[in-house]
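# Structure assessment
Listed below are the residues making up each chain.
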Amino acid sequence: MLYEEIVGEMVQRIETGVLKPGDKLPSIRTLSQDFACSKNTVIKAYDELEKKHLIYSVPQSGYYVVDGYRARDHAEEAAADIDFLSAGPDRHAMPYRDFQHCINQAIERYKQDMFTYSDIEGLPSLRVQLARHLQELQVFTIPERIYVVTGSQQALHLLVSLPFPNGKRNICLEQPTHAGFIESVRQHQMTAYGIEVRRDGIDLKRLEELFRHHDIKLFYTVSRFHNPTGYSYSNEEKRRIVELAQQYDVYIIEDDYMGDLDSNRKADPMFAYDPSGRVIYVKSFSKVMLPGLRLGLAVLPDELRDTFLQAKFAADVHSPMLTQGALEIYLQSGMFSAHIDRMRQLYSRKAALLQQAYEALLPASVSYSGSLSGFYSTIELPAPLKAKQLLHHLREDRVFADDARRMYLSEFVKENVIRLSISQVEEELIERGVQKIAKGIVELLRQRTQVRFV
Ligand SMILES: Cc1ncc(COP(=O)(O)O)c(C=O)c1O
């Protein structure tokens, strides 16, 4: 097929160095003339090259060869590390060049402001852009209620210990959950009550009991693409949880760290069921953009404004101006939306590959969750296998994953759960990685039985 010919030709030009990293590819029009084909054929070929992470597109500019691309032969691929451990975004898909452009523009636009301290709440013009962007996520609020934070972790860390208008003291959280939140609870020596996230969600009766009897100030929930289980609540579950929070005067911190990746346009955030301030909506730019930006946001009720600003001031005065300015330009220019569209496609492709591999390869005695979330999922190992043993065994085979122990409060700890993140695993390596995990499980179980019966 003609588009494959174009793909082949471009791969050859890149591999032989005719096209170097950072070089611009021929325009769609030029190539359609050279190959005497339609522009759509060229676009299809360029899409294919983008999927292979050989090139990337810059809106209104063209296509470029990625930095650091090096042809990998099959032998090298077979020996490559398979990294289900790293939790950052897919490195190949990050908009470095676009963002560099936005940073340069931000320096130009905000050079005066950088010599002085700025607003604790965040750059006003960024907060306007954020309010617009949040509408896409069904979060309707005004810029004045949006607080820019230095990574969403900062909002979580500050909110854990702030006094809340309900005058209550304790924290309720899902089990397992984001390890950073558990660490904040520990650092502040708060009392925390866990509620188990199972394959079918949480037990709402148990949640009600906790809310009723334990002086719960706030319930921390990762409402979609849960870390680490990959679970997403249904709208009905979210509505019920918000109703319970209203009934028992509990605040909710809704950590929607990857909401942008949800292609289900009908999925509402909990915030949509009570925009009055009972649901504190927190969002990160780390998973969908660059973790090094250290930017996130929290939508807060007016009653929390003063205490939150005092705490934020004490922590770091305000988040860095330069990255705030660059994010504003990135959002305003439409680059962010285009980037998110690509990310959704990328992660849903990876999720489908993982799902197929889990279904086809994992032994029946293993249960797993979240394979369709596109980022995190967990595998629960059959007794007597422990996560530590399997991970040690897999390291020898150059497969890396995470022990989920640190994602539990001590009274909930499970020794037999591993977390996989597929964000930094190349598509071609997902199946091979799961195959190695499956083989490792079978081998270790066999060794155990042999030892017992010899
Ligand atoms: C569920 C969840 N929330 C928040 C964070 C923190 O993100 P940020 O980099 O915005 O501080 C993470 C980071 O891994 C996370 O997994």
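Here's what I pulled together on the structure shown here. (Residues numbered from 1 in each chain as written. Predicted model: local features only at pLDDT ≥ 70, side-chain atom pairs only at ≥ 80, totals over all residues. Heavy atoms only, no water.)

## Observations concerning the sheet that holds strand β8 (residues 251-255)
To keep things clear, this is the line we draw: Two strands qualify as a pair provided DSSP detects at least 2 bridges between them. In DSSP terms, a helix is any run of H or I states spanning at least four residues, a strand is any run of E spanning at least two, and both are numbered starting from the N terminus. Only C-alpha atoms enter the line fits that serve as axes; for helices the fit covers just the stretch in contact. Angles between N-to-C directions range over 0 to 180 degrees. When checking whether two residues touch, look at their non-hydrogen atoms; a contact exists if any pair is within 4.5 Å.
Spatial ordering of the open sheet is given by β4-β10-β9-β8-β7-β5-β6, a layout of seven strands whose pairing is mixed. The two strands at the open ends of the sheet, each matched to only one other strand, are β4 (146-149) and β6 (192-196). Within the sheet, the average angular offset between the axes of one strand and its neighbour, ignoring direction, is 20°. Pairing between β8 and strand β9 (residues 279-284): four bridges, direction parallel. By the bridge assignment, I252 is partnered in β9 with V279. Contacting β4, β9 and β10 (296-299), helix α6 (residues 124-136) crosses the sheet at an angle of about 110° to β4.

## As for the sheet that holds strand β14 (residues 402-403)
Sheet strands associate in pairs through backbone hydrogen bonding, adopting either a parallel or an antiparallel arrangement. Strand order in this open sheet of four strands is β11-β12-β15-β14, and the pairing throughout is antiparallel. Strands with a single pairing partner mark the edges of an open sheet, and in this sheet they are β11 (367-369) and β14. In this sheet, strand β15 (residues 417-421) lies alongside β14 in antiparallel orientation, the contact comprising two bridges. Paired with D402 across the strands is R419, a residue of β15. Across the sheet, helix α13 (residues 335-361) touches β11, β12 (376-380) and β15, and the angle it forms with β12 is around 10°.

## Considerations on the site of the ligand
Our working rule: Residues are labelled near a given molecule or strand when at least one of their non-hydrogen atoms is within 4 Å of it. Two N or O atoms count as a polar contact when they lie within 3.5 Å, although within protein this holds only if one can serve as hydrogen donor and the other as acceptor, and sequence-adjacent residues are included solely when both atoms are side-chain atoms. Computed with a 1.4 Å probe, the accessible areas rest on the Shrake-Rupley method; for each residue, only the protein chains presented here act as cover. Each residue is assigned to one of three groups, with Ala, Val, Leu, Ile, Met, Phe, Trp, Tyr, Cys and Pro labelled nonpolar, Asp, Glu, Lys and Arg labelled charged, and all others, Gly among them, labelled polar.
Contacts to the ligand come from 13 residues, most closely from S152, N227, D255, S284 and S286. The contact in question runs from an oxygen atom of the ligand to an N or O atom on the backbone of S152, over 2.8 Å. N227 is positioned with one of its side-chain polar atoms (N or O) 2.8 Å from an oxygen atom of the ligand. Burial of the ligand by the protein chains amounts to 90% of its free accessible area of 400 Å². The residue inventory of the shell around the ligand, partitioned by class, reads three nonpolar, seven polar and three charged.

## A word on the pairing of strand β1 (residues 55-58)
Just so we agree on the cut-off: Any residue under 20% of the maximum accessible area for its type is buried, any over 50% is exposed, and the rest in between are partly exposed; the area is computed with a 1.4 Å probe on protein chains only.
Side chains of β1 alternate between two faces, with I55 and S57 and Y56 and V58 buried alike. Pairing geometry for β1 and strand β2 (residues 62-65), over four bridges, is antiparallel. Looking across to β2, one finds that S57 is bridged to Y63. Here β1 folds back onto β2, and the loop between the two strands holds three residues, one of which, Q60, carries a positive phi near 60°.

## Digging into the packing of helix α9 (residues 204-213) against helix α10 (residues 235-247)
The test is simple: Under this scheme an angle from 65 to 115 degrees is roughly perpendicular, one under 35 degrees roughly parallel, and one over 145 degrees roughly antiparallel; angles in between are oblique. Each crossing gets its hand from how the near helix is turned against the far one by less than a right angle, where anticlockwise is left-handed and clockwise is right-handed.
Their axes nearest at 10 Å, the elements α9 and α10 cross at an angle of 20°. Compared by their axis directions, α9 and α10 come out roughly parallel. Note that α9 runs across α10; the crossing there is right-handed. Between α9 and α10, the contacting residues are L204, L207, E208 and F211 on the first element and R240, I241, L244, A245 and Q247 on the second.

## Examining unusual backbone geometry
The linkage connecting Q175 with the following residue, P176, adopts the cis geometry, with an omega of -5°. When you line up the elements, P176 lands in the loop between β5 (170-175) and α8 (179-187). Omega for the bond connecting N227 with P228 falls within 30 degrees of zero, at 10°, which places this linkage in the cis form. With respect to the secondary-structure elements, P228 resides in the loop between β7 (216-221) and α10. Within the chain, Q189 stands out as a residue other than glycine whose phi angle is a positive 50°. Tracing the sequence through the fold places Q189 in the loop between α8 and β6. When its relative accessible area of 72% is taken as the criterion, Q189 is described as exposed. With a phi close to 50°, D215 is a non-glycine residue in the positive phi region.

## Concerning helix α5 (residues 96-110)
For clarity, the cut-off: Helix span, expected: 1.5 Å multiplied by one less than the number of residues in the helix. It is the directions from the helix axis to the C-beta atoms whose arc is reported.
For α5, spanning 15 residues, the distance from its first C-alpha to its last is 20 Å, which sits close to the expected 21 Å at 1.5 Å a residue. What α5 keeps buried is the set D98, F99, C102, A106 and Y110. On an axial view of α5, the arc spanned by its buried residues comes to 90°, and they lie on one face. Packing partners of the buried residues in α5 comprise β1, α6, α12 (321-332) and α13.

## What about helix α3 (residues 39-51)?
Taking 1.5 Å of rise per residue, the 13 residues of α3 would be expected to cover 18 Å, and the 18 Å separating its terminal C-alpha atoms lies within 8% of that figure. Restricting attention to buried positions, one finds in α3 the residues T41, V42, A45, Y46, L49 and E50. Contact partners of the buried residues in α3: α1 (2-15), α2 (28-34), β1, β2 and α13. One or two steps after α3, the chain reaches H53, where phi turns positive at roughly 65°.

## Quick look at the pattern of salt bridges
Where charged atoms from two side chains of opposite charge approach closely, those side chains can pair. Test applied: Any Lys or Arg side-chain nitrogen found within 4 Å of a carboxyl oxygen on Asp or Glu counts as a salt bridge.
One pass over the full model with this rule turns up 29 salt bridges. D402 is the salt-bridge partner of R419, the closest N and O atoms lying 3.5 Å from each other. A residue pair is termed long-range when its members are at least 10 positions apart, and R419 in strand β15 and D402 in strand β14 qualify at 17 residues. Here R419 and D402 have matching classes, each one buried. Between D403 and R405 there is a salt bridge, and its shortest N-O distance comes to 3.5 Å. With a relative accessible area of 32%, R405 lands in the partly exposed category.

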